[in-house]
Amino acid sequence: MGDLKAEAIGLDFHYGEFQALHAIDLPIHENAVTALIGPSGCGKSTFLRCCNRMHDLYDGSRYGGEVKLYPDGVNIVGDDVDPIEMRMRIGMVFQKPNPFPKSIYDNVAFGLRTRGGLARSEIADAVEPALKSAALWDEVKDRLQESAWKLSGGQQQRLCIARALATGPELLLLDEPTSALDPIATAGIEELILALRKRITIVIVTHNMQQATRISDWTAFFYLGRLVEFGATKQLFVKPEKAETEAYLTGRFG
Amino acid sequence: MVAEAPVVTHGSPSGGGPRGRGLSRPGARLRWWSERVIEAGLLLAALSSIGITIAILYVLVSESVAFFRVVSIVDFLTDTMWMPLFDDARFGILPLLAGTLLSSGVGLAVAVPIGLTSALYLSEFAAPRTREIIKPFLEMLAGVPTVVYGYFALLFVTPLLQRWLFPDLPGFNILSPGLVIGIMIIPYVSSVSEDAMRAVPMELREAAFAMGATRVEVAVRVVLPAALSGVAAAFALGMSRAVGETMVVAIAAGQQPNLTLDPREPAATITAYIVQVALGDLPHGSIGYLSIFAAGLTLMLMTLVFNVAAWLLRRRFREAY
Ligand SMILES: Nc1ncnc2c1ncn2[C@@H]1O[C@H](COP(=O)(O)OP(=O)(O)O)[C@@H](O)[C@H]1O
Ligand SMILES: [Mg+2]
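Residues numbered from 1 in each chain as written. Chains lettered and ligands numbered in written order. Predicted model: local features only at pLDDT ≥ 70, side-chain atom pairs only at ≥ 80, totals over all residues. Heavy atoms only, no water.

Our focus in this paragraph is the packing of aromatic side chains. Counted according to the given criterion, the structure contains 17 aromatic pairs over all chains. Centre to centre, the rings of F13 of chain A and Y15 of chain A are 4.9 Å apart; their planes meet at 85 degrees, and the pair counts as edge-to-face. Here F13 of chain A falls in the buried class, since its relative accessible area comes to 0%. An angle of 10 degrees between the planes, with centres 6.4 Å apart, marks the rings of F221 of chain A and Y223 of chain A as stacked. A relative accessible area of 0% means that F221 of chain A is categorised as buried. Taken together through their ring pairs, the aromatic side chains of F67, F68, F76, W82, F91 and Y273 of chain B make up a single cluster. If you follow R163 of chain A out to its NZ or CZ, it ends over the ring of F100 of chain A, 4.4 Å from the centre. Positioned above the aromatic ring of W32 of chain B, the side-chain terminus of R36 of chain B is 4.8 Å from the ring centre. (Phe/Tyr/Trp six-rings, centres within 6.5 Å; stacked < 30°, edge-to-face > 60°. Buried < 20%, exposed > 50% of the residue type's maximum accessible area, 1.4 Å probe, protein only. Lys NZ or Arg CZ within 6 Å of the ring centre and 35° of its normal.)

Here's what the structure looks like:
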């Protein structure tokens, strides 16, 4: 199924003294959805946040190994790599919808303005397609200047996706994007991910295994900071190779 | 980030033994009573502030009523002269109001930019250790006695201004105490704004960082707007402090009521006038003496407006998250 968009090679991560990730080798296939599953605290978010150098914001974080971003093959977690440059190439959506206390329009425009050097008209031209890709345009097109905080939770989360898409990221990271939403809003987000997956590479953390089977092409099972098993979603869920994976999938722990 | 770990607990939490608490136990009645008494005492202490506020208002209003029997409210609000000691006395509050607003305005012009910048620095940039060093110094600014600030304005800032900026500046002027009031209220503006900034959830900052924003962009484009109502509350608090400031202006502004918009001129503020009369030898009950209550009431109403504004704004920013 296509080329690799990114690839973790022997990735280690430390929070201070505590090693949260151990030698992760994980391929991220291009224009496909990769789901990260595993019990709470196994390192899913930690892995995701390595991919856009989010850990750099906090003291005591230490990376080891590599996360290569293709086509150029730059090592995202390399010491000499500018984290801001990496974050500009990669989008992220968080567990809790976190729109800025600004208008809907300004939320979507935020990343473009951060890049600088864009004319007003260029920004305006990018806002509409981003909202359309996030399946939010019809609901907000008449109130782009209203505060984003007036939207419902599901709308806010789709706005966060639009905000991330506006800058045309090469890779989209989603950390349990539906865990704070009701079932209807969750279905909306899942539909959106399915619509996006042929156009953009997505890595999604989820604790909901049904969700992983519904929306992902590839699944990685993490346990205690290690990658236990990786494979095509269907195969991994139907015929897991490792005993731990099977135990988790059948609900025997986690 | 939520620190969650697959923790398995064995057994049950150990309790503190049997918890018999029968009402029949001797001493229970006594404890009930002593708790009621303590509670009543606490309530009394809490109510005392309300009582004192009401008492102050009562004095101000009743004496002001006596004043306004002689001087009409219209004259009080529109007359452009405040000359309480002349035979043909005039009681227009405007000159005092102008002096008050001018000195507070100068003060805010100093305190807002500096207070806000230091709040942004402390909340968004300073390492915890730097913060621990800087904060006590900031707070110390608020602890310096105002008399000291007054003489600082008169004997240091005014000569400095005369030497470097305005050679013709009179020895008494509004500008110099205004600047010093500004320094004095920096800690109020900065600590209230900093609280508002620190209350901005980390998720908002992370969202901006994740888009490739720099620290300055996050501070200016995300944290500041998100903390805006708290910052506005800080301004209102600073303003109410500045308006009520007495000693600095009494010492360094000259005590001449002067309807002017030029801060380089000497002028009196409402507060400076009140101390001047209260410490002077006007006979109690005279109209000049009563005038300080009318002036005091005006001041209290102004301060009230700023405090209510601050309170409303702060409530709004608490509700935001
Ligand atoms: N900021 C942090 N400091 C120290 N340890 C952390 C921090 N964040 C997470 N951890 C630890 O790292 C491990 C992995 O956490 P995380 O990646 O958040 O798990 P998941 O997202 O799979 O639930 C957990 O044991 C957690 O306690
Ligand atoms: Mg997580």
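Right, let's get into the nonpolar core. By size, the foremost hydrophobic cluster in this structure holds 57 residues, and its most contacted members are F67, W82, L96, V248, I270, Y273 and I292 of chain B. Within the residue set of this core, elements represented by two or more residues are α1 (28–70), α3 (94–125), α5 (146–164), α6 (175–198), α9 (228–244), α10 (247–252), α11 (270–279) and α12 (287–319) of chain B. In terms of residues, this core owes the most to one element, α12 of chain B, which gives nine residues. F100 of chain A together with L120, M197 and A210 of chain B belong to the second-largest nonpolar core, a separate cluster that totals 55 residues. (Core = buried A, V, L, I, M, F, W, Y, C linked by side-chain atoms within 4.5 Å. Helix = DSSP H or I, 4+ residues; strand = E, 2+ residues; numbered from the N terminus.)

For the rest of this paragraph, the subject is the interface of chain B and chain A. Taken together, the 22 residues of chain B in the interface contact 30 residues of chain A. For the salt bridge of R49 of chain A with E206 of chain B, the shortest nitrogen-to-oxygen distance reads 2.7 Å. At the junction of chain B with chain A, the criterion picks out eight residue pairs in polar contact (both at pLDDT 80 or more). Listing elements by their share of the side of chain B that touches chain A, those giving two or more residues are α7 (202–210) and α8 (215–226) of chain B. Here the residues of the side of chain B that touches chain A sort into 15 nonpolar, two polar and five charged. (Contact = heavy atoms within 4.5 Å. Salt bridge = Lys/Arg side-chain N within 4 Å of Asp/Glu carboxyl O. Polar contact = N/O pair within 3.5 Å; in protein donor to acceptor, adjacent residues only side chain to side chain. Nonpolar A, V, L, I, M, F, W, Y, C, P; charged D, E, K, R; others polar.)

The next subject is the domain arrangement of chain B. All names here are of chain B. On domain assignment, one finds that chain B holds domain 1 (24–69) and domain 2 (76–320). With centres defined by C-alpha atoms, the gap from domain 1 to domain 2 works out at 32 Å. Taken together, the contacts link 10 residues of domain 1 with 10 residues of domain 2. Both sides together, the interface formed by domain 1 and domain 2 hides about 940 Å², and carbon and sulfur atoms give 89% of it. The largest contributions to the domain 1 side of the interface with domain 2 come from L60, E63 and F67, which together make up 59% of the buried area. Across the domain 1-domain 2 interface, the total number found is zero salt bridges. (Domains from an automatic or database assignment. Buried area = accessible area lost by both parts, 1.4 Å probe.)

In this section: the packing of α3 of chain B against helix α4 (residues 128–143) of chain B. The relative placement of two packed helices is expressed as an angle between their axes plus a distance between the axes. Residues and elements named next belong to chain B. Between α3 and α4, whose axes approach to 10 Å, the crossing angle comes to 150 degrees. In terms of axis orientation, α3 runs roughly antiparallel to α4. The crossing of α3 and α4 is left-handed. Taken together, the residues of α4 that come into contact with α3 (itself represented by S118, Y121 and L122) are T130, R131, I134, K135 and L138. (Axes fitted to C-alpha atoms, helices over the stretch in contact; angles between N-to-C directions. Parallel < 35°, antiparallel > 145°, perpendicular 65-115°, else oblique. Left-handed = near helix turned anticlockwise from the far one by under 90°.)

Looking now at the confidence of the model for chain B. Residues and elements named next belong to chain B. Averaged over every residue, the pLDDT of chain B is 86; residues scoring 70 or more account for 90%. Element-level pLDDT for chain B is lowest in α12, with a mean of 84, against a maximum mean of 96 in α7. Counted against residues more than four places away or in other chains, residues 1–20, with its pLDDT under 50, gives eight contacts. Across the predicted assembly, pTM comes out at 0.81 and ipTM at 0.94. (pLDDT = per-residue confidence, 0-100.)

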